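Read off the chains here:
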Amino acid sequence: MSRISRKRHWERIYEGAEEEKLSWYEEVPTLSLDLAGQCELDQNSRILIAGAGTSRLADFLLERGFTDIIATDISSQALALLKRRLGSPAAGKVTFVADDLLQPKLLPGFSPVQLWHDRAVLHFFIDEEDRQAYFDLLRQMLAPGGYALLAAFNLQSVKMCSGLPVMNYNAEMLSEALGDEFELLSSFDYTHHTPSGEPRPYVYGLWRKAFQRMA
Ligand SMILES: C[S@@+](CC[C@H](N)C(=O)[O-])C[C@H]1O[C@@H](n2cnc3c(N)ncnc32)[C@H](O)[C@@H]1O
């Protein structure tokens, strides 16, 4: 899928969308918050929410005192909705970056991040070339000693979402894609239920990047 078609697809999803009806909607991103809480971060640590959409993660990170959050998404519409909802508490603390994780123009210019968070984004990248581009960006942007928190549809989950095919994962597959520099700290399966009650099994994992590049 080309960059333009990808962007058009996701812009359409968010135009006129009711946030609470999106199949991936979570009122409270409890597991993301729990795993982020296990990272050695201070309130000034830079956190990147990849494919943030209109997720409530930024709301809760702000509530917990974090001051340097990057919310990035291919959809400007999603980021506009997110910015509106977050309102003034986000001023100076959340940077909204409309960019494509697969062909990023702006993200590589940012200084390294201490936590890369992705829930329900990576699994849309099914071509090997796209997966490579995604993991190259993650490795490039993550500071030494930084954390990757990934949540993707697991092997028992659906094969399509939002009209797009997905790639299913387990923790070993994610570890392999991240590479030897990353140590798996925790992983588990969790079934999210869509607002209409359908099960969507995910694998969650938290990895730490080595402080020094492996020889
Ligand atoms: C299923 S939603 C998940 C949103 C959010 N992470 C959450 O958990 O609520 C997938 C998100 O990834 C974004 N996305 C898809 N492809 C992308 C790409 N190539 N670059 C950046 N964002 C992308 C979409 O616009 C959408 O907001």
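The notes below deal with the structure included here. Quick caveat: nothing in here was measured; it's all calculated off a predicted structure.

The rules behind each value
- Residues numbered from 1 in each chain as written.
- Predicted model: local features only at pLDDT ≥ 70, side-chain atom pairs only at ≥ 80, totals over all residues.
- Helix = DSSP H or I, 4+ residues; strand = E, 2+ residues; numbered from the N terminus.
- Rg over C-alpha atoms; globule rule 2.2 N^0.38 Å.
- Buried ≥ 20, exposed ≤ 12 C-beta atoms within 10 Å, placed from the backbone.
- Core = buried A, V, L, I, M, F, W, Y, C linked by C-beta atoms within 7 Å.
- Contact = placed C-beta atoms within 7 Å.
- Pairing = 2+ DSSP bridges.
- Axes fitted to C-alpha atoms, helices over the stretch in contact; angles between N-to-C directions.
- Expected span 1.5 Å × (residues − 1).
- Arc of directions from axis to C-beta.

**A short note on the overall build of the protein chain**
For the protein chain, the count of helices and strands is 6 helices and 9 strands. Computed over the C-alpha atoms, the radius of gyration of the protein chain is 16 Å, within 12% of the 17 Å expected from 2.2 N^0.38 for a compact globule of 215 residues. If you line up the protein chain on its principal axes, its C-alpha atoms span 50 × 40 × 30 Å. Taking all 215 residues of the protein chain together, 35% fall into the buried category.

**Points about the nonpolar core**
Judged by nonpolar contacts, the single largest core of 53 residues is most densely connected at Ile49, Ala58, Ile69, Ala71, Trp116, Ala148 and Leu149. No other element matches strand β5 (residues 142-153), which puts 8 residues into this core. Excluding its chain neighbours within four sequence positions, the residues that come into contact with isoleucine 49 are Ser55, Leu57, Ala58, Ile69, Ile70, Ala71, Thr72 and His117.

**Let's talk about the sheet that holds strand β4 (residues 113-119)**
Across a sheet, strands are paired by hydrogen bonds formed along the backbone, either parallel or antiparallel in direction. Read across the sheet, 7 strands follow the order β3-β2-β1-β4-β5-β9-β8 without closing on themselves; strand pairing throughout is mixed. Each edge of the open sheet is held by one strand with a lone partner, namely β3 (94-98) and β8 (182-193). On average, each strand axis in the sheet is inclined to that of its neighbour by 15°, with strand direction left out of account. Where strand β1 (residues 46-50) meets strand β2 (residues 68-73), 5 bridges bridge the pair, whose relative direction is parallel. Considered in β2, the bridge of isoleucine 47 is made with isoleucine 69. On top of the sheet, helix α4 (residues 76-86) reaches β2 and β3; it is set at about 165° to β3, its chief contact. Packing of helix α6 (residues 171-178) onto the sheet brings it into contact with β5, β8 and β9 (199-209), and relative to β8 it is tilted by some 135°.

**Brief notes about the environment of leucine 106**
Positionally, leucine 106 belongs in the loop between β3 and β4. Among the residues examined, leucine 106 registers 13 C-beta atoms within 10 Å and is labelled partly exposed. For the pair leucine 106 and threonine 72, spaced 34 residues apart in the sequence, the C-alpha separation amounts to 10.0 Å. Beyond its immediate stretch of four places on either side in the chain, leucine 106 contacts Val97 and Asp99.

**Considering the environment of arginine 131**
Turning to its location among the elements, arginine 131 is positioned in helix α5 (residues 128-141). Taking the number of C-beta atoms within 10 Å as the measure of exposure, arginine 131 has 15 and is therefore partly exposed. Separated by 36 residues in the primary sequence, arginine 131 and methionine 167 have C-alpha atoms spaced 10 Å apart. Contact partners of arginine 131, with chain neighbours within four places excluded, come to Phe125 and Ala177.

**Remarks on unusual backbone geometry**
At alanine 120, a residue that is not glycine, the phi angle is positive and equals roughly 65°. With respect to the element layout, alanine 120 can be found in the loop between β4 and α5. Despite not being glycine, serine 162 shows a phi value in the positive range, around 50°. You can see serine 162 is positioned in the loop between β6 (160-161) and β7 (164-165). Judged by C-beta crowding, with 14 C-beta atoms within 10 Å, serine 162 ranks as partly exposed.

**Re helix α1 (residues 3-14)**
If you check α1, its first and last C-alpha atoms are 17 Å apart, about what 12 residues at 1.5 Å a residue would give, namely 16 Å. Buried within α1 are the following residues: Arg6, Trp10 and Tyr14. The arc enclosing the buried residues of α1, seen along the axis, measures out at 60°, which places them on a common side. Away from its buried face, by an angle of more than 90 degrees, α1 presents the exposed residues Ile4 and Ser5.

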